[in-house]
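Summary of the model geometry
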Amino acid sequence: MTYLRPVTKIGLLLFGALALAATSCSQTPKRPAVAEQIAKTYGLDSFGQIEAIRYTFNLEVPGLNLSRSWVWEPKTGQVSYEGKDKDGKPVKATYVRSQLSSQSDAVKNEIDPAFINDQYWLVFPFHVYWDTSAQVQDMGTQESPLAKRSAKRVVLKYPSEGGYQPGDTWELYLGTDNRVQEILYSGTADGKPLRLSLSNVAVKLTGSDAWADAQ
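This write-up is about the structure you can find in this document. A quick note: this is a predicted structure, and the numbers were derived from the prediction, not measured.

The backbone of K148 sits at a positive phi, close to 55°, despite the residue not being glycine. Mapped onto the fold, K148 is located in the loop between strand 7 (135–143) and strand 8 (150–157). In this structure K148 comes out as exposed when scored by relative accessible area, which is 52%. The phi dihedral of N200 is positive, around 55°, even though this residue is not glycine. Checked against the element boundaries, N200 lands in strand 11 (residues 195–205).

On to the pattern of salt bridges, then. Per the stated rule, a full pass over the model turns up eight salt bridges. Linking R54 and D213 is a salt bridge whose minimum nitrogen-to-oxygen distance equals 4.0 Å. Of this pair, R54 sits in strand 3 (residues 50–61) while D213 is found in strand 12 (residues 212–213), placing the two residues 159 residues apart along the sequence. Between D112 and R97 there is a salt bridge whose closest N-O contact spans 2.8 Å. With a gap of 15 residues between them, D112 in helix 2 (residues 105–122) and R97 in the loop between strand 6 (90–96) and helix 2 connect regions that are remote in the sequence. What makes D112 buried here is its relative accessible area of 4%. Exposure remark for R97: the relative accessible area of 30% places this residue in the partly exposed category.

Quick look at the side chain of E182 now. For E182, the position within the fold is in strand 10 (residues 180–186). Buried charge without a partner: E182 forms no salt bridge, and the closest opposite charge is R149, 4.6 Å away. A polar contact of 2.8 Å, which involves the side chain of E182, links it to the backbone nitrogen of L146.

Another point: the pairing of strand 3. Where burial is concerned, most of strand 3 is hidden: ten out of the twelve residues are buried. The pairing of strand 3 with strand 4 (residues 64–73) spans nine bridges and is antiparallel. Looking at the pairing, N58 lines up with S67 of strand 4.

Next up on the list: helix 2. Three or four residues apart is the spacing at which side chains of an α-helix point the same way, because the helix has 3.6 residues per turn. Counted at 1.5 Å a residue, the expected span for helix 2 with its 18 residues is 26 Å, and the 25 Å between its end C-alpha atoms agrees. The largest bend along helix 2 measures about 35° and falls at I111, with the proline P113 one to four residues further on. Turning to helix 2, its buried residues number three or more, namely V107, I111, D112, A114, F115, I116, D118, Q119, Y120, W121 and L122.

As for its placement among the helices and strands, W211 is situated in the loop between strand 11 and strand 12. Among the residues examined, W211 registers a relative accessible area of 29% and is labelled partly exposed. Residues W211 and A52, 159 residues apart in the sequence, show an inter-C-alpha distance of 8.8 Å. Ignoring any residue separated from it by four or fewer positions in sequence, one finds W211 in contact with A52, I53, R54, V71, A202, V203 and K204.

About the criteria used
- Residues numbered from 1 in each chain as written.
- Predicted model: local features only at pLDDT ≥ 70, side-chain atom pairs only at ≥ 80, totals over all residues.
- Heavy atoms only, no water.
- Helix = DSSP H or I, 4+ residues; strand = E, 2+ residues; numbered from the N terminus.
- Buried < 20%, exposed > 50% of the residue type's maximum accessible area, 1.4 Å probe, protein only.
- Salt bridge = Lys/Arg side-chain N within 4 Å of Asp/Glu carboxyl O.
- Lys, Arg positive; Asp, Glu negative; His and termini not counted.
- Polar contact = N/O pair within 3.5 Å; in protein donor to acceptor, adjacent residues only side chain to side chain.
- Pairing = 2+ DSSP bridges.
- Expected span 1.5 Å × (residues − 1).
- Bend = angle between axes of the 7 residues up to and from the residue.
- Contact = heavy atoms within 4.5 Å.

Interpretation in functional terms is not warranted from these geometric data alone.
What follows is the structure, given as structure tokens:
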């Protein structure tokens, strides 16, 4: 997915489905019906089939182009990272998130926070359902801001303190199939234009050693 035009508000069109998941839902408290509908539309029920997820997070802002590549094994919590440090030198790291306290400061303070950020964008539809600290509201049918067409508006708002997305608000505009057509994001952007994309997205399913490109 790719977006342009953010200042503090970002217009985003999602293309294709994400058949991936960010965390287990076995202990998820009851959420609004629309939250579960969105998550299931994007493959919530397929989570148990995934052994590993591969993707590259790409970000372009004035004066900065970065790419961070990840392989995440959700059943074991193992994360493999490949990217560059602040000086542009290649960096590779592999760690288990449940053992984060034993990792280096670079992993704890730089690499793992980057992982959390990047996988959030990758599996955003699932966070609507799984992030129980966030308030989800079904606002009914309204006109979408970009395409100016009728769509169901759903608002996801995080608390002002704590968590990974404090104070952020996401306005989702859904088609009749519950797929996200547009997103309006209000957060803490610094006003610089940027371009975000995800590439090389693939999954490795249970019983297979081959990567299957996400569709």
